[in-house]
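Architecture and fold: a report
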Amino acid sequence: MTTTSWASKPLAGWGRYPIVEALCARPESQSQTLNAFNEREGDAVLAHGFGRSYGDAALLSQGRVVLTRRLKKMLAFDETSGVLRVEAGVTIGELIEVFLPRGWFVPVVPGTQFVSVGGAIGCNIHGKNHGHAGCFGDHVLSMEVLLASGEVVRCSRAQHDDLFWATIGGMGLTGIILSAEIQLQAVESGAIEMESIRFNNLDEFFQISEESTDYFHTVSWIDCVKGGSQMGRGIFMRGRHASAEQAATLSEGPLERVVELVQRALDGRAFESNLLLNRATIRLFNEAYYHKHPAGELHSVVGYEPFFFPLDAVENWNYVYGKRGFLQYQMVVPEREAVRDILKVISESKMASFLAVIKEFGDQDHGGLSFPCGGTTLALDFPNFGEPLLAMMERLDALVAEVGGRIYLGKDARLSAEMFRRMYPTWEAWREVRDRWDPQGVFQSDLSRRLGLTPG
Amino acid sequence: MTVLILGATSPIAQAVADVYAAAGLSVALAARDVEEAARAASDLRIRYGVEAQGFGFDACDAFERHATLVSEVEEALGPIDVALVAFGFMGDQQASEDDFEKARRVIEINYTGAVSVCEAVARVMVSRGAGSIIGLSSVAGERGRASNYFYGSAKGALTLYLQGLRNRLASKNVHVMTVKLGFIDTPMTFELETGIPVASPKKAAAAIFQAQGRGVETFYYPRFWGGIMGVIKSIPEKVFKRLSL
């Protein structure tokens, strides 16, 4: 049998902070994956898909990284039930490309289609439909996991349910997810019937949110530069899958126009400098984005891509932040008042977030290390301003933890172990299961070491 | 219409299979890793709604076994219109120098095995007076280099063999195409740190598909390798010996 090619490669998450040198292999098949794992020689191991988590969740600087992006075979599909079994390196985008023409959509999609199924499970990703559909893991029926023992085990709600539970949202720390069986969602079309509504402040946001419960998908952009009476102004977007008749009326609406604005602003490989995104340009952008949308409500039928994946059209938009990279801060807080406090800290910090997204989650708390729970989530992208930014984020951590909120590990690069424990009270139960399946801590990541999630 | 892919688990082979399946051809995936070939077949069936099946295949098997494979494939999926010889084995140069058994394996997989299976395919294509054989050779077969001459010489021999086969089959209406591959993003190049750009298997597959459709006889991919090899071949032996290439 040929041995695996191991090579040291620079590896980073989507935020390009931090960047580490990692010993990587890129198997082409399931059997090569098992071979690579067996050659670990006592080193820690981590699977890495497309590197779309932001921080160090998919990085392992001392150990071996198995790149899973070439493991993308579709193994079984039932046309009548919409149940699909695929290898973990298949992307959400590929699933849509193959199955949308047959009337099936991926039940939960994140803001980019370039994530792998394995990554979607590991981070138990959420989408704009959390209130109606829960997380990605809720639509997974079973998985095959390569365990620390070298065994490949199938787990589901009925079989090794503890492993199943700990792997969903388990940040890749229970084993390498080799394949998953997913329930797709039947849709009449890929188009989205949507409304976008401009709101003047946070109160209006919450009000529209409450009135939008019968919309399957909701999300809003907010301007977090503005303070005072206009703090939390933004644009609310809500939608549902369009019927075939509606899809026929698909039109170039205001959403495409704002999306285009963002895309133009981000088309930034040309700006490989740290000068492009500063407080002034971010303020300008936020003004333009807000005013581009007419006051009031707009109704349109749009394609799924600008609705779900507005930034995917800009390849490598993460490079717009220059060499220093950027940090995303996504938190959920169960109390609305806390959102106001958080926005206030940010607005006063003079550190502007370029793109800020706000949304109300459904009530479901998925437990373990899964992020979503009842409350309001806010996602902020900050250019890496260095120490002052980290200091502000620590202030935010305290605010978030204080009200029983948490931050998203899939986007984290700097949370302390102590804060993490306050934010995720279910972590110990998760850790117990993890340790049962991997007592030696074979599976690790830079994130797991930082947060004390794995032995050693 | 059926395409037979030999060495079907390599990334280039898989990408080529994708392109032909997308064009609606039935696909026979032949590989040593039978289980993986079966998985790849299910992938093609689901993605493209075509017929696809995995077959066991070892380049080092005898000619009879290769001929049997060809008839098994034709029985299952119909006449083979296109056959792609995609397998190859770089081996380890140092190990091959130390142990002839290792060198022999490199030669047999890349040359003898390829010739054997091409003959088996050519036989059925000639009998029908139609078909296309694609051989994946390498720029390494253009000039003997200290660092990989076992692999290089086997690929060089394969290039010559395909040339001869092409000449023989021209009158039988069977097309033979030689693809001289440069750096493609595969396990062979994963460890390399090279200043030369590495092409994606997907792009290589699209180029192979197009070239086969147009009846191209021999081409470099990526194309700029034609220029690079022109230069490398023109370096006098005296000088070449002193370059550590």
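Rules used in this analysis
Residues numbered from 1 in each chain as written. Chains lettered and ligands numbered in written order. Predicted model: local features only at pLDDT ≥ 70, side-chain atom pairs only at ≥ 80, totals over all residues. Heavy atoms only, no water. Patch = residues over 30% accessible without salt bridge, like charges linked within 9 Å, V, L, I, M, F, W, Y side chains within 5 Å. Areas by Shrake-Rupley, 256 points an atom, 1.4 Å probe, with all protein chains shown as cover. Salt bridge = Lys/Arg side-chain N within 4 Å of Asp/Glu carboxyl O. Helix = DSSP H or I, 4+ residues; strand = E, 2+ residues; numbered from the N terminus. Buried < 20%, exposed > 50% of the residue type's maximum accessible area, 1.4 Å probe, protein only. Contact = heavy atoms within 4.5 Å. Axes fitted to C-alpha atoms, helices over the stretch in contact; angles between N-to-C directions. Parallel < 35°, antiparallel > 145°, perpendicular 65-115°, else oblique. Left-handed = near helix turned anticlockwise from the far one by under 90°. Nonpolar A, V, L, I, M, F, W, Y, C, P; charged D, E, K, R; others polar. Pairing = 2+ DSSP bridges. Buried area = accessible area lost by both parts, 1.4 Å probe. Polar contact = N/O pair within 3.5 Å; in protein donor to acceptor, adjacent residues only side chain to side chain. Core = buried A, V, L, I, M, F, W, Y, C linked by side-chain atoms within 4.5 Å. pLDDT = per-residue confidence, 0-100. 1 Å grid on protein atoms, 1.4 Å probe; cavity = no way out; pocket = protein on both sides within 12 Å on 5 of 7 lines; lining within 4 Å. Points joined across faces, edges and corners; volume = space filled by probe spheres on them.

1. Points about a nonpolar patch on the surface
Residue and element names in this part refer to chain B.
- On the surface, V239, L243 and L245 cluster together into a nonpolar patch covering about 210 Å² of accessible area.
- Relative to the helices and strands, L243 is located in the segment after α10 (237–240).
- L243 gets classed as partly exposed once you look at its relative accessible area, which sits at 38%.

2. What to know about the environment of B:D185
- Looking at where B:D185 falls in the secondary structure, it is placed in the loop between β6 (175–181) and α7 (187–190).
- Among residues more than four places away in sequence, those in contact with B:D185 are A:R26, A:R70, B:V198, B:A199, B:S200 and B:P201.

3. Side note on the packing of helix α1 (residues 11–22) of chain B against helix α8 (residues 201–214) of chain B
All names here are of chain B.
- Axis separation between α1 and α8 bottoms out at 8 Å; the angle between their running directions is 55°. Here α1 lies oblique to α8, going by the angle between them. The chirality of how α1 crosses α8 is right-handed. Counted together, P11, I12, A15, V16, V19 and Y20 of α1 and P201, K202, A205, A206, I208, F209 and Q212 of α8 form the full contact between these two elements.
- For the contact of α1 with α8, the class distribution of residues is eleven nonpolar, one polar and one charged.

4. Focus on the sheet that holds strand β9 (residues 152–156) of chain A
Residue and element names in this part refer to chain A.
- Sheet architecture is open: five strands sit in the order β5-β6-β10-β8-β9, paired in antiparallel fashion. Where the open sheet ends on each side, the last strands, each with one partner, are β5 (74–78) and β9. Along the sheet, successive strands turn relative to each other by an average axial angle of 15°, direction set aside.
- Note that strand β8 (residues 140–146) and β9 share five bridges and pair antiparallel. By the bridge assignment for β9, L146 is matched with V152.
- Contacting β6 (83–87), β8, β9 and β10 (176–183), helix α1 (residues 30–38) crosses the sheet at an angle of about 145° to β10.

5. Description of the interface of chain A and chain B
- Counting residues at the interface gives 27 residues for chain A, matched by 20 residues for chain B.
- In total, chain A and chain B occlude about 1,900 Å² of area from one another, counting both sides; carbon and sulfur atoms represent 47% of this.
- A per-residue breakdown of the area chain A buries against chain B is headed by A:R26, A:K73 and A:M74, which together make up 27% of the total.
- The closest approach of N and O atoms between B:E36 and A:K73, which form a salt bridge, is 2.6 Å.
- Our enumeration of links across chain A and chain B arrives at 17 residue pairs in polar contact (both at pLDDT 80 or more).
- For the side of chain A that touches chain B, the leading source of residues is β5(A), giving four residues.
- In terms of residue class, the side of chain A that touches chain B is built from twelve nonpolar, six polar and nine charged.

6. Describing the nonpolar core
- Counting residues in each nonpolar core, the largest one holds 124 residues, and the members touching the most others are A:L95, A:F99, A:F136 and A:M143.
- Looking at which element gives the most residues to this core, the answer is helix α12 (residues 387–402) of chain A, with seven residues.
- The residues contacting A:F99, other than those within four sequence positions of it, are A:M74, A:F77, A:L84, A:W104, A:L184 and B:I46.
- Counting 38 residues, the second largest nonpolar core, distinct from the first, contains B:Y20, B:L44, B:V82 and B:A204.

7. Comments concerning the confidence of the model for chain B
- Per-residue pLDDT for chain B averages 96, and the proportion of residues at 70 or more is 100%.
- Prediction confidence for the complex, expressed as pTM and ipTM, is 0.94 and 0.93 respectively.

8. Some words on empty space enclosed by the protein
All names here are of chain A.
- The full count for this structure, using the stated rule, is two cavities of 30 Å³ or more.
- Within this model, the second largest cavity holds a volume of roughly 30 Å³.
- Contributing to the lining of the second largest cavity are M331, V333, V339, I342, I358, T376, T377 and L378.
- Those elements that provide at least two residues to the lining of the second largest cavity are β16 (326–333), α11 (336–349) and β18 (375–383).
- Per-element tally for the lining of the second largest cavity: the top contributor is β18, with three residues.
- Its residues assigned to classes, the lining of the second largest cavity comprises six nonpolar, two polar and no charged.

9. Regarding unusual backbone geometry
- The amide bond that connects A:Y17 to the next residue, A:P18, takes the cis arrangement and shows omega of -5°.
- Tracing the chain through its elements places A:P18 in the loop between β1 (7–12) and β2 (19–25).
- Note that the residue after B:Y221, namely B:P222, is joined by a cis bond; omega there is -10°.
- Tracing the chain through its elements places B:P222 in the loop between β7 (218–221) and α9 (225–234).
- Phi is positive for A:R16, close to 55°, though the residue is something other than glycine.
- Structurally, A:R16 can be placed in the loop between β1 and β2.
- Although it is not a glycine, A:M171 sits at a positive phi angle of roughly 55°.
- Along the polypeptide, A:M171 turns up in the loop between α5 (161–167) and β10.
- Classification of A:M171 as buried rests on a relative accessible area of 6%.

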